[in-house]
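What follows is the residue order along each chain.
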Protein chains: 2
Amino acid sequence: MNTKVAVVDDHQLVRTGLVQMVQSLPGWEVTIEAANGKDFIDQTNLLSPPDIVLLDIRMPIMDGYETALWIRSHLPETRVLVVSMVSREPAVIRMLRMGVYGFITKNSTQAELHQALSRIQQKQFHVNELVGNRIFHYFSENSTEQLPDEKNTITDREFIFLRKCCSELTYRQIAKEMYVSPRTIDTYRDHLFEKLQVRTRVGLVIYALRSGLIEVDDLV
Amino acid sequence: MNTKVAVVDDHQLVRTGLVQMVQSLPGWEVTIEAANGKDFIDQTNLLSPPDIVLLDIRMPIMDGYETALWIRSHLPETRVLVVSMVSREPAVIRMLRMGVYGFITKNSTQAELHQALSRIQQKQFHVNELVGNRIFHYFSENSTEQLPDEKNTITDREFIFLRKCCSELTYRQIAKEMYVSPRTIDTYRDHLFEKLQVRTRVGLVIYALRSGLIEVDDLV
DNA sequence: TAATAAAACAGTGAATACACCGATATTTAG
DNA sequence: CTAAATATCGGTGTATTCACTGTTTTATTA
């Protein structure tokens, strides 16, 4: 039986490329093709989910972070391979902490994709060389200082909220998008203000950008 | 004889997607596949150049702008169709001024790509609907709506204000720093909202960063 | 010099953001 | 198993932001 793969990316072209690459590998097949997380969820049969999800980070409606969290809690057997443009450390580390199995960039060759898929199938982690070196640096160089947390880690929900803050959405709209009450959003905000030592929403945006959790290109 | 197409994009995946789409259209074939402008030039035979070049903007070594200029001066019969990630880029106009024939985003469907290619083959211009509406007004003389471009310049005071917006200062504090009344600040803000087509202060910050008026490192 | 654009200023009211106070259920970690 | 952290929700009140309406003075430039 073939290994089932889902391809989730809002760019039709990239999707076509990925599907094409996967389909041409013997033993692999693409069962789901979705434009964003929401679309993926709608198409997913909980009883026979895909084995591996190729997931983009930047997507409208429901982005890669949210989708990864959903997969972790709803499809424990399904593993995620992130296919992204970005390779900045904090974003990658955040993703790995969310239970993602691998990370490759969009200029990977078919051979690299194949290798990544195979390794993840065997429950091994896989990161692109480009990405890998950066992470190595991150853990070796500034493991003593620089990391603003240990104690003040941003939680997953707060992180998703933080990303949505970097837009023109009001808090009320963010609440709707995250399916929680505006009060909960207030709490996320207050906690982040405290943790990140800022006082305004612009402060949050600045922190997100300076820390690399958000890239300028991510901004709408 | 088939219409010859070159695909120039640094992302292998996108390239694969584009090639796949073009090859599946009867009457069209891909003769060149390149990772950047330099690579494209090296592969191009000046005596039998491609009819249409699918060109990405952001590429290492030699980007879309340079490549478009080179094509215009060396391959007068070859027409360029830009395939870019972002539609909002003010670069679109610059590109069209450089003699580019069309513009589509990377989330276009195969049908849209086909349509664009066909129109350009007949020497008609083609822009994505998403992009198109914004540009249309720009080129029509009796337009009221304006794009954040040369035509609608940010004044000196507004610019200083814009930079100060990228901080945790309240408008009142900014007013104090700029030695004007808070009302005046309101006017600066309202004018920028109008000119830059945003609705919130975070929108201003995003514009400043994306346009390069402010660098991430400048942020306090 | 007349027309135009920029810079400064102002009122009102509604929407949003922020600052305190609090709570409970669940998950995670020591 | 307890303690801490997380995720969720609530009330009250103030501060700030934003949207709409204007005027006046000062440069610029055609």
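The structure this text deals with has already been given above.
Reference entry: report on the structure contained in this document. From a predicted model like this one, the values you see are computed outputs, not experimental measurements.

Definitions and limits used
Residues numbered from 1 in each chain as written. Chains lettered and ligands numbered in written order. Predicted model: local features only at pLDDT ≥ 70, side-chain atom pairs only at ≥ 80, totals over all residues. Heavy atoms only, no water. Contact = heavy atoms within 4.5 Å. Buried area = accessible area lost by both parts, 1.4 Å probe. Salt bridge = Lys/Arg side-chain N within 4 Å of Asp/Glu carboxyl O. Polar contact = N/O pair within 3.5 Å; in protein donor to acceptor, adjacent residues only side chain to side chain. Helix = DSSP H or I, 4+ residues; strand = E, 2+ residues; numbered from the N terminus. Nonpolar A, V, L, I, M, F, W, Y, C, P; charged D, E, K, R; others polar. Near = heavy atom within 4 Å. Pairing = 2+ DSSP bridges. Phe/Tyr/Trp six-rings, centres within 6.5 Å; stacked < 30°, edge-to-face > 60°. Buried < 20%, exposed > 50% of the residue type's maximum accessible area, 1.4 Å probe, protein only. Core = buried A, V, L, I, M, F, W, Y, C linked by side-chain atoms within 4.5 Å.

## Quick notes on the interface of chain A and chain B
- The interface is formed by 35 residues belonging to chain A together with 37 residues belonging to chain B.
- Both faces considered, chain A and chain B share a buried interface measuring about 3200 Å² in area, 67% of it formed by carbon and sulfur atoms.
- Along the contact surface separating chain A from chain B lie zero salt bridges.
- Joining chain A to chain B, the criterion identifies eight residue pairs in polar contact (both at pLDDT 80 or more).
- Broken down by secondary-structure element, the contributors of at least two residues to the side of chain A that touches chain B are α1 (12–23) and α10 (201–211) of chain A.
- The greatest single-element share of the side of chain A that touches chain B, amounting to eight residues, is contributed by α1 of chain A.
- Tallied by class, residues from the side of chain A that touches chain B come to 16 nonpolar, 12 polar and seven charged.

## Comments concerning the protein's contact with DNA strand C
- Within the structure, DNA strand C sits among 17 residues, and Tyr-171 of chain A together with Thr-155, Ser-181, Thr-187 and Tyr-188 of chain B are positioned closest to it.
- Taking the atoms of DNA strand C that fall within 4 Å of the protein, sugar and phosphate contribute 71% of them.
- Between a base oxygen of DNA strand C and a side-chain N or O atom of Arg-183 of chain B, the distance comes to 3.3 Å.
- Only α8 (171–177) and α9 (182–196) of chain A together with α7 (156–165) and α9 (182–196) of chain B provide two or more residues apiece to the surface near DNA strand C.
- Among the elements that take part in the surface near DNA strand C, α9 of chain B stands out by supplying four residues, more than any other.
- Along the lines of polarity and charge, the residues of the surface near DNA strand C split into four nonpolar, six polar and seven charged.

## Notes on the sheet that holds strand β3 (residues 52–55) of chain B
Residues and elements named next belong to chain B.
- Pairing is parallel in the open sheet, where six strands are placed in the order β2-β1-β3-β4-β5-β6. This sheet does not close on itself; its edge strands, each paired only once, are β2 (28–34) and β6 (126–127).
- Across four bridges, the pairing between β3 and strand β4 (residues 79–84) is parallel. Within β4, the position partnered with Ile-52 by the bridge is Arg-79.

## Some remarks on the packing of aromatic side chains
- One pass over the structure, following the stated rule, counts nine aromatic pairs over all chains.
- Seen from their ring centres, Tyr-101 of chain A and Phe-125 of chain A are 4.9 Å apart, and the 10° between their planes marks the pair as stacked. In this pair, Tyr-101 of chain A is assigned in the loop between α4 (89–97) and β5 (102–105) and Phe-125 of chain A in the loop between α5 (110–121) and β6 (126–127), connecting sequence segments 24 residues apart.
- Where Phe-161 of chain B meets Tyr-171 of chain B, the ring centres are 5.9 Å apart and the plane angle is 35°; that geometry is what we call tilted. In this pair, Phe-161 of chain B is assigned in helix α7 and Tyr-171 of chain B in helix α8 (residues 171–177), connecting sequence segments 10 residues apart.
- Relative accessible area serves as the criterion here: at 0%, Phe-161 of chain B is assigned to the buried category.

## What to know about the side chain of Thr-105 of chain A
- Within the secondary structure layout, Thr-105 of chain A lies in strand β5.
- For Thr-105 of chain A, a relative accessible area of 6% puts it in the buried group.

## Looking at the protein's contact with DNA strand D
- Lining the immediate surroundings of DNA strand D are 18 residues, of which Thr-155, Ser-181, Thr-184 and Tyr-188 of chain A together with Tyr-171 of chain B lie closest.
- If you look at DNA strand D and keep only atoms within 4 Å of the protein, 70% of those are sugar or phosphate atoms.
- One of the side-chain nitrogen or oxygen atoms of Thr-187 of chain A is found 2.9 Å away from a base nitrogen of DNA strand D.
- Within the backbone of Arg-201 of chain B, an N or O atom sits 2.8 Å from a phosphate oxygen of DNA strand D.
- Residue assignment for the surface near DNA strand D shows that the elements contributing at least two residues are α9 of chain A together with α8 and α9 of chain B.
- Among the elements that line the surface near DNA strand D, the one with the most residues is α9 of chain A, at four residues.
- Among the residues making up the surface near DNA strand D, the classes are represented as four nonpolar, seven polar and seven charged.

## Considering the nonpolar core
- The biggest cluster of nonpolar side chains holds 72 residues, and the ones touching the most others in it are Phe-40, Phe-161 and Leu-204 of chain A together with Phe-161 and Leu-204 of chain B.
- Leu-204 of chain B has contacts with Phe-161, Leu-162, Cys-165, Arg-189, Leu-192, Phe-193, Leu-196 and Val-198 of chain B, leaving out every residue within four places of it along the chain.
- Judged by nonpolar contacts, the second largest core, of 42 residues, contains Val-30 of chain A together with Val-30, Ile-52 and Leu-81 of chain B.

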